[in-house]
Amino acid sequence: IDAIIYNRNELLHKLNLDSSISDEELLLKFITTYGVESLKEINGDFTGAIYNTQNNTITLFRDHMGIRPLYYHINETTLSFSTDMRGLLSCSHVDSSINESWLYRRVCGQPFTGTENTELANIFCVPPAGYMIFSCNSVLRLVTKERYWNFSNKKIRYSSFQKYADCLKELITDSIERRLNVFPGLSGAELSGGLD
């Protein structure tokens with residue numbers, strides 16, 4: 001697990017845990033206590049894999065927005081995964097054939113075709129806000145592929161432009177405060193000064 005948790009205090013309180021544990025330990029404890037569907041309650045950037053010894057499965061999961069990638073390759077005998085595609089390419093059993101269809105769509109500017117395919121035909125990516133469970137019994141295979149969270153299609157209506165602006169400012173301020181609270185001390189940013 002690789003994680004930065006922004007609602008850490010809420011999770012510690014819910015699990016009645018000491019604040020000295022790492023974000024990775026906290027996330028693991030939360031998932032093992034409440035199940036993989038509980039990922040929807042986590043506010044953070046995370047990705048990970050959990051091996052369940054009781055039913056011989058591996059669960060791969062990823063944060064809501066897909067900030068941290070998790071790539072995988074599977075064949076009949078091996079499931080390999082990494083947060084960096086180069087890690088998979090260093091494995092001798094991983095086929096690094098180009099995904100010509102993906103490349104063609106990208107070069108031609110065709111519409112977005114999903115989050116699982118990559119530029120390599122046999123390396124895939126766990127979708128954002130998703131988890132995948134692989135059975136490691138006699139035949140290695142994908143058992144479950146689910147999303148634990150989706151964007152809401154609920155429309156919010158305000159009576160004025162100013163109320164929209166105030167709500168947006170409140171959401172952005174809350175998001176920045178949560179992220180700043182994770183790192184003690186001073187924080188800074190460098191702006192390029194360009195036209196980006």
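Here the structure is a predicted model, which means the values were calculated and not measured.

The rules behind each value
Residues numbered from 1 in each chain as written. Predicted model: local features only at pLDDT ≥ 70, side-chain atom pairs only at ≥ 80, totals over all residues. Heavy atoms only, no water. Pairing = 2+ DSSP bridges. Helix = DSSP H or I, 4+ residues; strand = E, 2+ residues; numbered from the N terminus. Axes fitted to C-alpha atoms, helices over the stretch in contact; angles between N-to-C directions. Contact = heavy atoms within 4.5 Å. Polar contact = N/O pair within 3.5 Å; in protein donor to acceptor, adjacent residues only side chain to side chain. Salt bridge = Lys/Arg side-chain N within 4 Å of Asp/Glu carboxyl O. Buried < 20%, exposed > 50% of the residue type's maximum accessible area, 1.4 Å probe, protein only. Core = buried A, V, L, I, M, F, W, Y, C linked by side-chain atoms within 4.5 Å. Phe/Tyr/Trp six-rings, centres within 6.5 Å; stacked < 30°, edge-to-face > 60°. Lys NZ or Arg CZ within 6 Å of the ring centre and 35° of its normal.

## Concerning the sheet that holds strand 7 (residues 130-135)
Working step 1: Pairing is antiparallel in the open sheet, where five strands are placed in the order 1-2-3-7-8. Bordering the open sheet on either side are strand 1 (2-5) and strand 8 (141-147), each of which pairs with just one other strand. Averaged over all adjacent pairs, the angle separating strand axes in this sheet is 20 degrees, with direction ignored.
Working step 2: Pairing of strand 3 (residues 57-62) with strand 7 involves five bridges; the strand directions are antiparallel. Each residue of the ladder has a partner; that of T57, found in strand 7, is S135.
Working step 3: In the packing of helix 2 (residues 23-34) onto the sheet, the strands contacted are strand 1, strand 2 (44-52) and strand 3, and the crossing angle to strand 1 comes to about 90 degrees.

## A short note on the side chain of D23
Working step 1: One can find D23 in helix 2.
Working step 2: Separated by 2.6 Å, the side chains of D23 and R8 make a polar contact.
Working step 3: If we ignore the near neighbours within four places in the chain, the residues touching D23 are A3, I4, I5 and R8.

## Describing unusual backbone geometry
Working step 1: Residue N56 is not a glycine yet carries a positive backbone phi of 55 degrees.
Working step 2: Structurally, the position occupied by N56 is in the loop between strand 2 and strand 3.

## Concerning the pattern of salt bridges
Working step 1: For the coordinates displayed, the defined rule picks out eight salt bridges.
Working step 2: As a salt-bridge pair, K40 and E37 come within 3.8 Å of each other at their nearest N and O atoms.
Working step 3: Looking at K40, the relative accessible area reads 45%, which means it is partly exposed.
Working step 4: Residue E37 is classed as partly exposed on the basis of its relative accessible area, which comes to 32%.
Working step 5: One salt bridge connects D84 with R86, and the closest N-O pair in it is separated by 2.5 Å.
Working step 6: Through salt bridges with shared partners, a single network forms among E10, D174 and R178.

## Looking at the sheet that holds strand 4 (residues 71-74)
Working step 1: Read from one edge to the other, the open sheet built from three strands follows the order 5-4-6, with strand pairing classed as antiparallel. Each end of this open sheet is capped by a strand with a single partner; those strands are strand 5 (79-82) and strand 6 (124-125).
Working step 2: Sheet analysis places strand 4 next to strand 5, joined by four bridges and oriented antiparallel. Bridge pairing links Y72 to F81 in strand 5.

## Some thoughts on the nonpolar core
Working step 1: By size, the foremost hydrophobic cluster in this structure holds 19 residues, and its most contacted members are L27, I31, L39, I42, F46 and F61.
Working step 2: Core analysis: the next-biggest nonpolar cluster, separate from the first, contains nine residues, I58, L60, L79 and M132 among them.

## Quick word on the packing of aromatic side chains
A ring pair, where both rings are aromatic, is described by two values, the distance of the centres and the angle of the planes.
Working step 1: Evaluated as defined, the whole model comprises six aromatic pairs.
Working step 2: Ring centres 4.9 Å apart and planes at 50 degrees place the aromatic pair F30 and Y34 in the tilted group. Taken together, the residues F30 and Y34, both in helix 2 and four residues apart, mark about one turn of the helix.
Working step 3: With a relative accessible area of 0%, F30 lands in the buried category.
Working step 4: Taken together, a centroid distance of 6.3 Å and an interplanar angle of 50 degrees make the contact between F46 and F61 tilted. Here F61 lies in strand 3 and F46 lies in strand 2, a separation of 15 residues in the sequence.
Working step 5: Classification of F46 as buried rests on a relative accessible area of 0%.
Working step 6: What links up through ring pairs into an aromatic cluster is the set Y72, F124 and F134.
Working step 7: Over the ring of Y34 we find K14, and its NZ or CZ is 4.8 Å from the ring centre.

## Structural notes on the pairing of strand 2
Working step 1: Summarising the sheet, strand 1 and strand 2 pair through four bridges and their orientation is antiparallel. Note that in strand 2 the partner of D2 across the bridge is T47.
Working step 2: Pairing of strand 2 with strand 3 involves six bridges; the strand directions are antiparallel. If you follow Y51 over to strand 3, its bridge partner there is I58.

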